[in-house]
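Summary of structural features
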Amino acid sequence: MHKYISKRTFIIINIILFLIEVILIYLIIKNFLTKDILSPYELSFYEYLKYTLLI
């Protein structure tokens, strides 16, 4: 282990990075699943919320 960083800090940083990675993978998969291929333009976030809340 590096002498300037403790083992506890190293583990906390790794856990945070792992959680960020999981969230990003989830968002990428969700983007591919919710993308409307037939639509000529991509929906904005506001339009997507309006569409999902009305259903």
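Structure report, in brief.

A few points about the overall build of the protein
A count of helical and extended segments in the protein gives two helices and zero strands. Relative to its full complement of 55 residues, the protein shows a buried share of 2%.

Some points on the environment of Ile5
Here Ile5 lies in the segment before helix H1 (7-34). Residue classification places Ile5 among the partly exposed residues on the basis of a relative accessible area of 27%.

Thoughts on a nonpolar patch on the surface
Together, Ile12, Ile13, Ile16, Leu17, Ile20, Ile23, Leu24, Tyr26 and Leu27 give the surface a local cluster of nonpolar side chains, amounting to about 850 Å² of exposed area. Looking at where Leu27 falls in the secondary structure, it is placed in helix H1. Since its relative accessible area comes to 44%, Leu27 is described here as partly exposed.

So, how was this worked out
- The written sequence of each chain sets the order in which its residues are numbered from 1.
- Local features in a predicted model are, by the rule used here, given only for residues with pLDDT of at least 70; side-chain atom pairs are given and counted only at 80 or more, and totals for whole chains, interfaces and linings are based on all residues.
- Hydrogen atoms and water are omitted, and side-chain values are computed over all heavy atoms in the structure.
- The numbering of helices and of strands both runs from the N terminus, where a helix is a DSSP run of H or I of at least 4 residues and a strand a run of E of at least 2.
- The rule is simple: take the accessible area with a 1.4 Å probe, protein chains only, and divide by the maximum for that residue type; under 20% is buried, over 50% is exposed, in between is partly exposed.
- To count toward a patch, a residue needs a relative accessible area over 30% and no salt bridge; like charges are then connected within 9 Å, while nonpolar side chains (Val, Leu, Ile, Met, Phe, Trp, Tyr) are connected within 5 Å.
- The method behind every accessible area is Shrake-Rupley, applied with a 1.4 Å probe, and residues are considered shielded solely by the protein chains displayed.
- Salt bridges are defined as contacts in which a side-chain nitrogen from Lys or Arg sits within 4 Å of a carboxyl oxygen from Asp or Glu.

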